[in-house]
Amino acid sequence: MKILTCISNVPDTTTKIRFVDDNKAFDKNGVQWIINPWDELALTRALELKEASGGAVEKISIITVGTKDAEPVMRKALAIGAEDAIRVDTEAKDAYYVAMQIAEAVKDGGYDMILTGIESSDYNGSSVGRMVAEFLEIPSVSSVSKIEMEGGNISLKREIDGGTEVLETQLPFVAIVQKGIALEPRIPNMRGIMMARKKPLTVVAPAEGEALTEFAGFELPEAKAACKMVDEDNVKELVNLLHTEAKVI
Amino acid sequence: MWEYVCCKGFFPKFDLHFFNKIYPKKYLNMNFEFTEEQLMIRDAARDFAQRELLGDVIERDATATFPTEHVKKLAELGFMGMMVDPKYDGGGMDTVSYILAMEEISKIDASVSVIMSVNNSLVCYGLQKYGNEAQKEKYLKPLARGEKIGAYLLSEPEAGSDATMQRTTAEDKGDHYILNGTKNWITSANSASTYLVMAQTHPEKRHHGINVFIVEKDSPGISLGPHEDKMGMRSSDTHSVMFTDVKVPKENRIGEDGFGFKFAMKALEAGRLGIAAQALGIASGALERAIQYSKERKAFGTEIANHQAIAFKIADMAVKVENARNLCLKAAWLKDNGKPFTTEGSMAKLYAADIAMEVTTEAVQIHGGYGYVKEYHVERLMREAKLTQIYEGTSEIQKIVISRGLLRD
Ligand SMILES: Cc1cc2nc3c(=O)[nH]c(=O)nc-3n(C[C@H](O)[C@H](O)[C@H](O)COP(=O)(O)OP(=O)(O)OC[C@H]3O[C@@H](n4cnc5c(N)ncnc54)[C@H](O)[C@@H]3O)c2cc1C
Ligand SMILES: Cc1cc2nc3c(=O)[nH]c(=O)nc-3n(C[C@H](O)[C@H](O)[C@H](O)COP(=O)(O)OP(=O)(O)OC[C@H]3O[C@@H](n4cnc5c(N)ncnc54)[C@H](O)[C@@H]3O)c2cc1C
């Protein structure tokens, strides 16, 4: 069995977000890039499955749609334990474009299980996973919080309103994973970092196609007002503030 | 006038292109950018420290508890032998990476980083550089994998800065030596299984008579003094070690007869880089905490960072930290490129240790009363900083090394 994890290269979650070009583009200056946290957990689970599979999982690959800037993050995924990597050499313009590129690049790769995160923490589109499955015409399961493998059988657990659902699926398929899929991402060790040097990172040209969306502009949310403390025996003041300032009563 | 002269061709115009052709290497070598790999190691160390050390660092310091599990995890990640050749099961990383890792871990927990430093840059370094194949196979490999911990036994009750005055003796008995004496202040003395012990074999030859031995801690005749009740780095174990007729096979001597003192000094040269980076980490950890606190704490109607007296303190601290970092990295770079680094290593250690003391003291000051209690970490960093001015050569001894280097010729 071969597992593919889709890795999105995203700004560190503590990044100060700024825009340039008339608020039409994200300012990448000084940004520290990380593996999208969901994707890191997906990769962790893939590694756990491989380690427990007694050889049934032969290989874990990763794919990223992005420019050369994405490579450090990809190398980290290799250092953590993925065997090889594909980079589709183009700006990841929107979810449709990314999914199309992934599908084109992997359609002949013979992957049995394709993992994506539930969302990419930069643009939070929550769409790539399902679109990849549609392009490849294979099943997809979303909001997966557990993947188990017994012999050749895969069982997936997903959270639904008021309970959980357990599914089995044919191969190949796409699993869109969320919280619970793995406990903690792994820290790469020295051996992994050293081996990552030698692991193949193949750069492929993008397939032809256009993005379907275009960005008209970005806006930052209004800054949150500072918290006001009211003395516990000053209820009158509290009511007054709720009425005149917060305007909620 | 000058233009006139130049035009007339008295002086050939300075041609940068030509200059580049003659000295291309000089330009290329001046590179402040870390490699992808070095950054990955720094981040791995940072993640490890945040995830595994921060949670109980205050408690372990208070109760002087050895970080057994933490060191095991550090070993699994390969940090305990990170510079050792992969041939001997090490991580094969350069010294620059080691500095970055030591800084990150020391920001959070210098007790753990001293265990890591002694193992890496004193013990593994010494064994890899001067040990023979059999010694490396038997002793270096488990140390590099971090399955065993190493200790370095030079200091004695009456031989600290002046390490030539070794009273511990190693009597040559043909196929083995018999060791007698006491070593003091030994980091990891209890948790280590492999000791590198300096001892005097030929007192008449003074320091040329000293030898160095690999001694297994559970050899009969070795006993430990009580755990030293230290000011800082309380989670690392420091003991005196007593040798009473301890038999050490001859094949456990490193190098030729009388090589021990040279070995001790060479190992310390490399070890110093680890302690320099530790001091750097303590300082930069304190700086980070001071910056964060000064942006949160309010006094006189505004965040204290808005008071210039505080902002300027932060500026001064940051300059010192940056200087220390540059000195550490320069010395590491020299070592990685096979160039002499003794003087630069001593400069880095002296400077980083001294500014660690200054920066942590200011960090406590910026925290006000909160800085004086344990919860905010900076009082601990201040206690830890003090040790970096003392061990692996006091600040005074570093000045001797530096000035001798300069005045010799
Ligand atoms: C407003 C906007 C502006 C953008 N600007 C840029 C830009 O300037 N430069 C740029 O490079 N990209 C840009 N992107 C693309 C963005 O980084 C994403 O790659 C793409 O939009 C998919 O994001 P999503 O939030 O829709 O992904 P989601 O559908 O939320 O992602 C789900 C999962 O899909 C997979 N995935 C997502 N993206 C990738 C990827 N690129 N490669 C491999 N797997 C992936 C991951 O497994 C992820 O967990 C922009 C996107 C938007 C919406
Ligand atoms: C917690 C801890 C851990 C340690 N770990 C180890 C270890 O693992 N292995 C090991 O071998 N040792 C270890 N040491 C020992 C350490 O290296 C020594 O304490 C140090 O070298 C100083 O020696 P000393 O304590 O005997 O001080 P002394 O040498 O007695 O120095 C006292 C003072 O005199 C100054 N001084 C001495 N000579 C001169 C001079 N010529 N000119 C100017 N000033 C001078 C010193 O700088 C110092 O200020 C450790 C020490 C501590 C506290």
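Residues numbered from 1 in each chain as written. Chains lettered and ligands numbered in written order. Predicted model: local features only at pLDDT ≥ 70, side-chain atom pairs only at ≥ 80, totals over all residues. Heavy atoms only, no water.

Brief notes about the sheet that holds strand 11 (residues 163-168) of chain A
Residue and element names in this part refer to chain A.
Phase 1 of the analysis: Ordered in space as 11-10-9-12-8-1-6-7-13, the 9 strands form an open sheet in which the pairing is mixed. A single partner strand is all that each edge strand has here, and the edge strands are strand 11 and strand 13 (201-204). Taking the axes of each pair of neighbouring strands and ignoring which way they run, one obtains an average angle of 30° across the sheet.
Phase 2 of the analysis: Here strand 6 (residues 59-66) pairs with strand 7 (residues 84-89) via 6 bridges, running parallel. Looking at strand 7, one finds that Gly66 is bridged to Asp89.
Phase 3 of the analysis: Its contacts with the sheet put helix 3 (residues 95-106) on strand 1 (2-6), strand 6, strand 7, strand 8 (113-117) and strand 13, and the angle it makes with strand 6 is roughly 140°. (Pairing = 2+ DSSP bridges. Helix = DSSP H or I, 4+ residues; strand = E, 2+ residues; numbered from the N terminus. Axes fitted to C-alpha atoms, helices over the stretch in contact; angles between N-to-C directions. Contact = heavy atoms within 4.5 Å.)

Quick look at the pattern of salt bridges
Phase 1 of the analysis: Taken as a whole and judged by the stated rule, the model has 42 salt bridges over all chains.
Phase 2 of the analysis: A salt bridge links B:Asp61 to B:Arg383; the shortest N-O distance between them is 2.9 Å. Linking B:Asp61 in helix 5 (residues 57-63) with B:Arg383 in helix 13 (residues 378-388), this pair joins segments that are 322 residues apart in sequence. For the pair shown, B:Asp61 and B:Arg383 are each scored as buried.
Phase 3 of the analysis: Each of A:Lys68, A:Glu71, A:Arg87 and A:Asp89 takes part in one network of salt bridges that share partners. (Salt bridge = Lys/Arg side-chain N within 4 Å of Asp/Glu carboxyl O. Buried < 20%, exposed > 50% of the residue type's maximum accessible area, 1.4 Å probe, protein only.)

Quick look at the site of ligand 1
Residues and elements named next belong to chain A.
Phase 1 of the analysis: Inspection of the region around ligand 1 gives 29 residues, with Asp39, Ala92, Gly125, Ser127 and Phe215 positioned closest.
Phase 2 of the analysis: The separation between an oxygen atom of ligand 1 and a polar side-chain atom of Asn36 is 3.0 Å.
Phase 3 of the analysis: Within the backbone of Val128, a nitrogen or oxygen atom sits 2.7 Å from an oxygen atom of ligand 1.
Phase 4 of the analysis: Of all the elements in the fold, those that place two or more residues in the shell around ligand 1 are strand 6, helix 3 and strand 8.
Phase 5 of the analysis: Broken down by class, the residue content of the shell around ligand 1 amounts to 12 nonpolar, 10 polar and 7 charged. (Near = heavy atom within 4 Å. Polar contact = N/O pair within 3.5 Å; in protein donor to acceptor, adjacent residues only side chain to side chain. Nonpolar A, V, L, I, M, F, W, Y, C, P; charged D, E, K, R; others polar.)

Some points on a nonpolar patch on the surface
All names here are of chain A.
Phase 1 of the analysis: A cluster of nonpolar side chains, contributed by Val235, Leu238, Val239, Leu242, Val248 and Ile249, occupies part of the molecular surface with about 520 Å² of accessible area.
Phase 2 of the analysis: Inspection of the secondary structure assignment puts Val239 in helix 6 (residues 235-244).
Phase 3 of the analysis: On the basis of relative accessibility, which here comes to 42%, the residue Val239 falls in the partly exposed class. (Patch = residues over 30% accessible without salt bridge, like charges linked within 9 Å, V, L, I, M, F, W, Y side chains within 5 Å. Areas by Shrake-Rupley, 256 points an atom, 1.4 Å probe, with all protein chains shown as cover.)

Topic: the pairing of strand 9 (residues 140-150) of chain A
All names here are of chain A.
Phase 1 of the analysis: Alignment of strand 9 against strand 12 (residues 173-177), held across 3 bridges, turns out to be parallel. Residue pairing for strand 12: Ser140 is matched across the bridge by Val174.
Phase 2 of the analysis: By the bridge criterion, 6 bridges tie strand 9 to strand 10 (residues 153-160) in an arrangement that is antiparallel. Bridged to Ile147 within strand 10 is Leu156.
Phase 3 of the analysis: Counting the residues between successive antiparallel strands, the hairpin from strand 9 to strand 10 contains 2 residues, one of them, Gly151, with a positive phi of roughly 55°.

Observations concerning the site of ligand 2
All names here are of chain B.
Phase 1 of the analysis: Around ligand 2 sit 16 residues, and of these Ser155, Ser161, Trp185, Thr394 and Glu396 come closest.
Phase 2 of the analysis: Here a nitrogen atom of ligand 2 sits 2.7 Å away from a polar atom, N or O, in the main chain of Tyr152.
Phase 3 of the analysis: With respect to ligand 2, the side chain of Ser161 contributes an N or O atom lying 2.6 Å from an oxygen atom.
Phase 4 of the analysis: Against a free-state accessible area of 980 Å², the protein chains account for coverage of 64% of ligand 2.
Phase 5 of the analysis: Counting only elements with at least two residues in the shell around ligand 2, the list comes to strand 3 (176-187) and helix 14 (395-407).
Phase 6 of the analysis: Its residues assigned to classes, the shell around ligand 2 comprises 8 nonpolar, 5 polar and 3 charged.
Phase 7 of the analysis: Here the shell around ligand 2 gathers at least three residues from each of two domains, domain 2 (151-261) and domain 3 (268-407). (Domains from an automatic or database assignment.)

A short note on the interface of chain A and chain B
By a frequent convention, interface size equals the accessible area lost on bringing the separate parts together.
Phase 1 of the analysis: Tallying the contact residues gives 16 residues for chain A and 21 residues for chain B.
Phase 2 of the analysis: Across the chain A/chain B interface, buried area totals approximately 1600 Å², and carbon plus sulfur atoms make up 61% of it.
Phase 3 of the analysis: Along the contact surface separating chain A from chain B lie 3 salt bridges.
Phase 4 of the analysis: For the pair chain A and chain B, the number of links is 3 residue pairs in polar contact (both at pLDDT 80 or more).
Phase 5 of the analysis: Listing elements by their share of the side of chain A that touches chain B, those giving two or more residues are helix 2 (71-80) and helix 5 (190-196) of chain A.
Phase 6 of the analysis: For the side of chain A that touches chain B, the leading source of residues is helix 2 of chain A, giving 5 residues.
Phase 7 of the analysis: Residues of the side of chain A that touches chain B, tallied by class, amount to 8 nonpolar, 2 polar and 6 charged. (Buried area = accessible area lost by both parts, 1.4 Å probe.)

Points about the nonpolar core
Phase 1 of the analysis: With 156 residues, the main nonpolar core has A:Ile147, B:Phe79, B:Leu179 and B:Tyr195 as its most contacted residues.
Phase 2 of the analysis: With 18 residues, helix 10 (residues 260-296) of chain B is the largest single contributor of residues to this core.
Phase 3 of the analysis: Apart from the residues within four sequence positions on either side, B:Tyr195 is in contact with B:Ala151, B:Leu153, B:Ala189, B:Phe213, B:Ile214, B:Val215, B:Lys217, B:Ile222, B:Leu224, B:Val241 and B:Phe243.
Phase 4 of the analysis: Counting residues in hydrophobic clusters, the runner-up holds 19 residues, among them A:Cys6, A:Val98, A:Val106 and A:Ala133. (Core = buried A, V, L, I, M, F, W, Y, C linked by side-chain atoms within 4.5 Å.)

Side note on unusual backbone geometry
Residue and element names in this part refer to chain A.
Phase 1 of the analysis: The step from Leu171 to Pro172 runs through a cis peptide bond, and the omega angle for that step is -10°.
Phase 2 of the analysis: Residue Asp21 is not a glycine yet carries a positive backbone phi of 55°.
Phase 3 of the analysis: With respect to the helices and strands, Asp21 occurs in the loop between strand 3 (19-20) and strand 4 (25-26).
Phase 4 of the analysis: At Asp22, a position not held by glycine, the phi torsion is positive, near 60°.
Phase 5 of the analysis: By relative accessible area, Asp22 is classed as exposed at 72%.

Focus on the domain arrangement of chain B
Residues and elements named next belong to chain B.
Phase 1 of the analysis: Along its sequence, chain B is organised into domain 1 (36-149), domain 2 (151-261) and domain 3 (268-407).
Phase 2 of the analysis: Computed from C-alpha coordinates alone, the two centres of domain 1 and domain 3 are separated by 21 Å.
Phase 3 of the analysis: Contacts between the two partners involve 26 residues from domain 1, matched on the other side by 32 residues from domain 3.
Phase 4 of the analysis: Counting each side, the surface lost to burial between domain 1 and domain 3 is near 2200 Å², with a carbon and sulfur contribution of 62%.
Phase 5 of the analysis: If you sort the residues of domain 1 by the area they bury against domain 3, Ile99, Glu103 and Lys107 come out on top, with a joint share of 26%.
Phase 6 of the analysis: At the junction of domain 1 with domain 3, the criterion picks out 3 salt bridges.
Phase 7 of the analysis: Two residues, Arg325 and Glu103, come together in a salt bridge whose shortest N-O distance is 2.8 Å.

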